[in-house]
Amino acid sequence: MLQPLSRRHFLSLSATSIGSMVLSTSLTGCAISSAKEDDLSDVEFSHGIASGDPLQGSVILWTRALPQDGAVSARLVWELATDNNFTNIVRSGLVDSSESRDYTVKVDVQELNPATEYFYRFKGRQQVSMTGRTKTLPSTNPEQIKFVVVSCSNYPAGYFNAYQEAAKTPGLDAVLHLGDYIYEYDAKGYATQRAAEIGREFASDNLGELLTLEDYRNRYAIYRTDKGLTALHAAAPFIAVWDDHEIMNDTWSGGGENHNPGEGDFYERRAAAIQAYYEWLPIRPPKGDLQPHIYRTFDFANLLSLHMLDTRVIGRDEQLEYSHYINKDTQQMDSEGFIADLQNKNRSLLGKAQFDWLVNSLKTSEAKWQLLGQQVLMGKMLIPGAMLSQLGKKDAAALMTKLTSIKVRLLKGDALTAQEQSLIDTVLPYNLDAWDGYPVEREKLYTAAANLGKKLVVVAGDTHNAWTSQLTNNRGDTVGIEFATPAVTSPGIETYLKLDEQGAKQTAQALTLLIDDLQYCDLHQRGYLQLTVTEQNIDATWRFVDNILSTDYTISNEHQVSYPE
Ligand SMILES: [Fe+2]
């Protein structure tokens, strides 16, 4: 159940957040032609620029402008042009930065032309920011749409070379960021082992786990110094949603795995995390700067509708855990109890309001493609139960070899013994934090989409590895396809399973054999996913970097899938 912000929490945060967005309503020239240099402040543009949430006639512009000489606020100019030399400035205006929003600035520029590339920058009294490129959405069907899909950039784990490379994509329409833009852990936490060696330690004011508004703000400030991330923000508008780590690990609507007694009120912490997210991301908050509503749709004329979902904060029931169903004395699993809870028809990942909104959005869209941008894997990742209990243990490899050889014989039509058949048939979801932990709602979504005659194309992040799955309903009918992007730097399943490259390749091969709906996976490389959408098909290309420990990298290999084949 979603717990709304209490009145107390609202009051503690609202005074610092309301009225932060500047709407640009005027046309060419506007008020700025009469602005004197004296009206502007000396500022430091400390974190580049960014744009996001493009619509046909508007886009969000973002920067951070630190006042100089002890001033508490600053006044600056923003400019938007059709060329990167700013000889044809089509919109401009004044905007203020202040401590109330951590000196971040957003402008929602209006009355732009559709399908148009624009360039923008900000100016202080004597300072000019870097220049960004952005693009509005089309109003008539374009020949193609090009996205990059990214997730899970972990600063202490490595350099954001995947962002750097993605920024070079020619003709990029938008960056779909599926979350884990930051991680909340302390300086000795997850994936920090090599941070000192590679020069990726946190600043001294941000060594602890993020709990307060100041903590979250300071963490964004560190992440946004990465040159790859700066370049990607400058290259194209972001369309972003949070995953769990913008708040805390395994967030759900009433808590999170990494929120413990002694860390204060969960909703107060969540409100701080959400405020910092809205301050630092170039996003148009759908329901205002304090509300945990992030789901929204972007229409690329009638070629594609992009529905960005929240599978974390707004409606998720708490994750199930196998360990809660294992009797400590007998070590026997209460399978009936587990299945009853898993199949509970009230169990929700999206929450009713978001689910109904999504079905209505699918219904009203006339676009050829329905793309769901969301966090966790939707495809069924059901693996033999025998293997699930051995994952990460020393006999896992031998068991996997045995199971795959049985599966190969089955696929060849060989007769299996009853015991062999049972080993293959007894399958369980390995990740209960994913849609696999919410199967009734997933089936409801599949049924709703099928009833509307819509096939789903889903992109996911969260796992840190690359995956392609066909999406099938409980009758075995295909209802769509899922492409999952690997992490930018966060370690993947290969670290958890302690696999070297060869072991990771063998395991990837075994999983595609053992998991019926899984068509491809890569279990050891970091990178990003590029999607090119045309009337005929969607091309998905994974691009992997060879190195995250320095900024000296190359693209080591690619994998490409065309849908439909
Ligand atoms: Fe992640």
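The structure this text deals with has already been given above.
Residues numbered from 1 in each chain as written. Predicted model: local features only at pLDDT ≥ 70, side-chain atom pairs only at ≥ 80, totals over all residues. Heavy atoms only, no water.

K.L.:
Can you walk me through the overall build of the protein chain in this structure?
P.N.:
Secondary structure summary: the protein chain contains 14 helices and 25 strands in total. In terms of overall size, the protein chain behaves like a compact globule, its C-alpha atoms giving a radius of gyration of 24 Å where 565 residues would be expected to give roughly 24 Å. For the C-alpha atoms alone, the extent of the protein chain along its principal axes is close to 85 × 55 × 45 Å. Relative to all contacts within the protein chain whose residues are 6 or more apart in sequence, the contacts with residues 24 or more apart total 72%. On the protein chain, roughly 22,900 Å² of surface is accessible, and the fraction owed to carbon and sulfur atoms is 49%. Taking the average place of the 51 positive charges on the side chains of the protein chain and the average place of its 72 negative ones, the gap between the two points comes to 2 Å. (Helix = DSSP H or I, 4+ residues; strand = E, 2+ residues; numbered from the N terminus. Rg over C-alpha atoms; globule rule 2.2 N^0.38 Å. Contact = heavy atoms within 4.5 Å. Areas by Shrake-Rupley, 256 points an atom, 1.4 Å probe, with all protein chains shown as cover. Lys, Arg positive; Asp, Glu negative; His and termini not counted. Charge placed at Lys NZ, Arg CZ, Asp CG, Glu CD.)

K.L.:
Where do I start with the packing of helix α10 (residues 396–412) against helix α14 (residues 501–514) in this structure?
P.N.:
For any two helices packed against each other, the geometry comes down to the angle between their axes and how far apart the axes lie. Between α10 and α14, whose axes approach to 10 Å, the crossing angle comes to 40°. It follows that α10 is oblique to α14 by the angle criterion. Between α10 and α14 lies a crossing of left-handed hand. Facing α10, whose interface residues are Met400, Leu403, Thr404, Lys407, Val408 and Leu411, α14 presents Gln506, Thr507, Ala510, Leu513 and Leu514. For the contact of α10 with α14, a count of residues per class yields seven nonpolar, three polar and one charged. (Axes fitted to C-alpha atoms, helices over the stretch in contact; angles between N-to-C directions. Parallel < 35°, antiparallel > 145°, perpendicular 65-115°, else oblique. Left-handed = near helix turned anticlockwise from the far one by under 90°. Nonpolar A, V, L, I, M, F, W, Y, C, P; charged D, E, K, R; others polar.)

K.L.:
Teacher, can you tell me more about the coordination of the iron ion here?
P.N.:
In ideal tetrahedral geometry, four donors around a metal make angles of 109.5 degrees, whereas ideal octahedral geometry with six donors gives angles of 90 or 180 degrees. Protein ligation of the iron ion involves Cys152 (SG), Asp180 (OD), Tyr183 (OH) and His464 (NE2), the donor distances falling in the range 2.1 to 2.5 Å. For the iron ion, the four donor atoms in the first shell make angles of 89 to 165° at the metal, so the coordination geometry reads as irregular. We note that the donor set of the iron ion lies within a single chain, spaced as C-x27-D-x2-Y-x280-H. In this pair, Cys152 is assigned in the loop between β9 (145–150) and α2 (161–166) and His464 in the loop between β19 (456–460) and β20 (466–472), connecting sequence segments 312 residues apart. For the pair shown, Cys152 and His464 are each scored as buried. (Donors = N, O, S within 2.8 Å, 3.2 Å for Na, K, Ca; no water. Tetrahedral: all angles 85-135°; square planar, octahedral: opposite > 155°, others 65-115°. Buried < 20%, exposed > 50% of the residue type's maximum accessible area, 1.4 Å probe, protein only.)

K.L.:
Please explain the sheet that holds strand β16 (residues 369–373) as it appears in this structure.
P.N.:
Spatial strand order, β14-β15-β16-β19-β21-β20-β22: seven strands in an open sheet with mixed pairing. Strands at the two margins of the open sheet, each flanked by one partner only, are β14 (296–300) and β22 (518–522). Across the sheet, the mean angle separating the axes of adjacent strands is 20° when strand polarity is ignored. Pairing between β19 and strand β21 (residues 478–484): five bridges, direction parallel. Its bridge partner lying in β21, Leu456 is registered against Gly480. Lying over the sheet, helix α8 (residues 352–364) contacts β14, β15 (304–308), β16 and β19, oriented at roughly 175° with respect to β15. Strands β20 and β22 of the sheet are contacted by α14, whose axis makes an angle of about 165° with β22. (Pairing = 2+ DSSP bridges.)

K.L.:
Mind showing me how you'd approach the nonpolar core here?
P.N.:
Buried together is how nonpolar side chains tend to be arranged in soluble globular proteins. Phe147, Phe483 and Leu531 are the most contacted members of the largest nonpolar core, which totals 82 residues. When residues in this core are grouped by element, the largest group, nine residues, is from helix α6 (residues 266–280). Apart from the residues lying within four places of it in its own chain, the contact partners of Phe147 are Leu172, Ala174, Leu176, Phe300, Leu304, Leu371, Leu529, Gln530, Leu531 and Val533. Ranked by size, the runner-up nonpolar core spans 51 residues in total, among them Leu350, Leu388, Leu423 and Tyr438. (Core = buried A, V, L, I, M, F, W, Y, C linked by side-chain atoms within 4.5 Å.)

K.L.:
So what exactly am I meant to see when it comes to the environment of Leu61 here?
P.N.:
By the secondary structure assignment, Leu61 is in strand β3 (residues 59–67). Remark: the alpha-carbon pair of Leu61 and Asp108, spanning 47 residues in sequence, is separated by 6.5 Å.

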